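In case you want the letters, here they are:
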Amino acid sequence: MLEIWGRQALKGEVRISGAKNSALAIMAGALLCPEDCRLRNLPSLADITRMGEILTALGVKIVRQGDILEIDGREIKRAQAPYEIVSQLRASFFVIGPLLARLGVAEVPLPGGCAIGARPVDLHVRGLQAMGAEVTIKHGMVEARVRGSRGRLKGTKVYLDYPSVGATETIMMAATLAQGETKIENAAQEPEVEDLANFCRQMGAKIEGAGTNTINIGGVERLHSVDYEIIPDRIEAGTFLVAGAITQSELSLWPVIPEHLAPAIAKLEEIGCKIVAEGPNRLRIIPNALKATDIETLPYPGFPTDMQAQFMALLAISEGNSVITETVFENRLRHFAELNRMGANIRVKGNNAIVEGVSILSGAPVMATDLRASCALVLAGLAAEGKTIVQGLHHLDRGYENLDGKLRQLGAKIQRLDNSYQLSRN
Ligand code: EPZ
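Residues numbered from 1 in each chain as written. Predicted model: local features only at pLDDT ≥ 70, side-chain atom pairs only at ≥ 80, totals over all residues. Heavy atoms only, no water.

(A) Representation of the sheet that holds strand S6 (residues 105-109) in the model. Strand order in the open sheet formed by 3 strands is S6-S8-S7, with antiparallel pairing between adjacent strands. A single partner strand is all that each edge strand has here, and the edge strands are S6 and strand S7 (133-138). Between one strand and the next, the sheet's axes are offset by a mean angle of 15 degrees, whatever the strand orientation. Across the sheet, helix H4 (residues 96-103) lies against S6, S7 and strand S8 (141-146), angled at about 160 degrees from S6, the strand it touches most. (Pairing = 2+ DSSP bridges. Helix = DSSP H or I, 4+ residues; strand = E, 2+ residues; numbered from the N terminus. Axes fitted to C-alpha atoms, helices over the stretch in contact; angles between N-to-C directions. Contact = heavy atoms within 4.5 Å.)

(B) Quick peek at the environment of Leu-382. Mapping Leu-382 onto the fold places it in helix H12 (residues 371-383). Each C-alpha atom, one on Leu-382 and one on Arg-152, is 54 Å from the other, the two residues being 230 residues apart in sequence. Here Leu-382 is in contact with Ile-4, Gly-6, Arg-7, Gln-8, Ala-243, Thr-247, Leu-407 and Ala-412, once residues within four sequence places are set aside.

(C) Structural view of the site of the ligand. The environment of the ligand is made up of 23 residues, and the closest members are Asp-122, Leu-123, Ser-164, Asp-306 and Val-328. Between Arg-90 and the ligand, the recorded distance is 3.4 Å, taken from a side-chain N or O atom to an oxygen atom. In the model, an oxygen atom of the ligand is placed 2.6 Å from a nitrogen or oxygen of the Val-328 main chain. At the level of secondary structure, the elements contributing two or more residues to the shell around the ligand comprise helix H1 (20-29), helix H5 (122-130), helix H6 (165-175) and H12. The dominant element in the shell around the ligand, judged by the number of residues it contributes, is H5, at 3 residues. Grouping the constituent residues of the shell around the ligand by class yields 10 nonpolar, 5 polar and 8 charged. (Near = heavy atom within 4 Å. Polar contact = N/O pair within 3.5 Å; in protein donor to acceptor, adjacent residues only side chain to side chain. Nonpolar A, V, L, I, M, F, W, Y, C, P; charged D, E, K, R; others polar.)

(D) Region of the structure containing the environment of Ala-210. With respect to the helices and strands, Ala-210 occurs in the loop between strand S11 (206-208) and strand S12 (214-218). Along the backbone, Ala-210 and Ile-184 are 26 residues apart, and their C-alpha atoms lie at a distance of 9.7 Å. Contact partners of Ala-210, with chain neighbours within four places excluded, come to Glu-194, Ala-197 and Ile-215.

(E) The arrangement of the sheet that holds strand S17 (residues 295-297) in detail. Strand order in the open sheet formed by 4 strands is S17-S18-S20-S19, and the pairing between neighbours is mixed. The strands lining the two open edges of the sheet, one partner per strand, are S17 and strand S19 (345-349). This sheet shows a mean twist of 15 degrees between the axes of neighbouring strands, independent of strand direction. Strands in contact with helix H10 (residues 308-315) are S17, strand S18 (321-326), S19 and strand S20 (352-356); relative to S18, the strand with the most contacts, it is inclined by about 170 degrees.

(F) Up close: H1. When you tally the buried positions in H1, you get 9 out of 10 residues, the bulk of the element. The complete set of buried residues in H1 reads Lys-20, Ser-22, Ala-23, Leu-24, Ala-25, Ile-26, Met-27, Ala-28 and Gly-29. (Buried < 20%, exposed > 50% of the residue type's maximum accessible area, 1.4 Å probe, protein only.)

(G) Local environment of the pairing of strand S4 (residues 61-65). Direction of pairing for S4 relative to strand S5 (residues 68-72): antiparallel, over a ladder of 5 bridges. Bridging across to S5, Arg-64 finds its partner in Leu-69.

(H) Geometry of the nonpolar core. Core analysis: the biggest nonpolar cluster contains 79 residues, and Val-95 and Phe-199 have the highest contact counts within it. Excluding residues within four positions of it along the chain, Val-95 makes contact with Ala-28, Leu-31, Met-51, Ile-54, Leu-58, Ala-81 and Val-108. By size, the runner-up hydrophobic cluster in this structure holds 68 residues, among which are Ile-16, Ile-295, Ala-313 and Ala-376. (Core = buried A, V, L, I, M, F, W, Y, C linked by side-chain atoms within 4.5 Å.)

Given below as structure tokens:
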């Protein structure tokens, strides 16, 4: 668990790691390539390690050296992803598209729900079925097989009822090796979708429109080796901007891609902070008195749901009343209760959280419920009077590379109290 002594000003600069949600999708995408791939700027996270275990379980050779991962997908020995790993990492479901595209068959356990919602995969399945896959779901296993000639998927037009990030990525990856053209309408526009598309294009895939709501993919026979650098993590960057705002400290962050942070920057400026560019990929936050504002989470380019918990912690000490509406996941406001234990004044009605700003939070022992909620509690601890103990670090270590170390290096009084789950850079 983490022990934090609050109201300590931070200062300096922090290096932002590679994007977790990009790396996870791209590691699955490497299965499309019958040669070796090199990925750079990979963060050291539990989720990334688990995705590596999935690839190994499929018989693919991987070698991790610091932030570089070599993947040799020459031969995929098995088409079954192991339940014990998929049940811990939902994103491992992303291997279903590449396995179908490469082998014409895939058996991937149905990923369970998690703290923030049921997390169905019906849009993934319907997209693959539209491309000619026969999919049966029984005993918690999704079994997919391509009907007809040579087991090859066929290009088609898919309209997504919801711009799901995962479903867009699954269909886009499967379509790279399908016969003919695939068009995805109402596609997710998240930067991680675009990063995955750029990775596939560098392997020789024909993809146009990634990052917009319509993506066109022309199927090819075969992809080739690539050496690819993952984009910086916009959610980690946004988290550190909030760390600056909530402790009233000036901080610099790099590398970042500023346009990926547009929603978070807009809201921080509404709250009263200034964000200045110190170079093409470097930002500095200059905080000021914090004022209430309203937030509604939406698919990109709307305000990201992955930043909602962090902003709830910030709005808890911003003057006035804020309303936070979570429209993406059905159960992602749970951190309000733990923040209230720290003296916040938040009421939840349905998918709305009404936050009445208080002048100060008080440190307390709190329990994290999911990845981003754990981060919100750390941020609240940095601002609170006295000591906060955050338990449930396994959530934190899934998504943040050395968050406590990076905060300590900025001057925060934060330390891990036991040898809880922490990745060492291998
Ligand atoms: C990705 O999850 C991210 N994870 C999530 O980040 C992120 O919160 C989410 O996108 C939204 O931006 C990874 O990229 C590994 P969705 P994903 O499919 O793909 C519903 C984090 O903290 N839906 O866009 O699962 C779903 O229930 C994680 O890093 C269906 O109904 O998100 C949800 O309500 C958390 N059917 C909504 O769409 C489907 O087949 C958005 O889900 C798929 C999704």
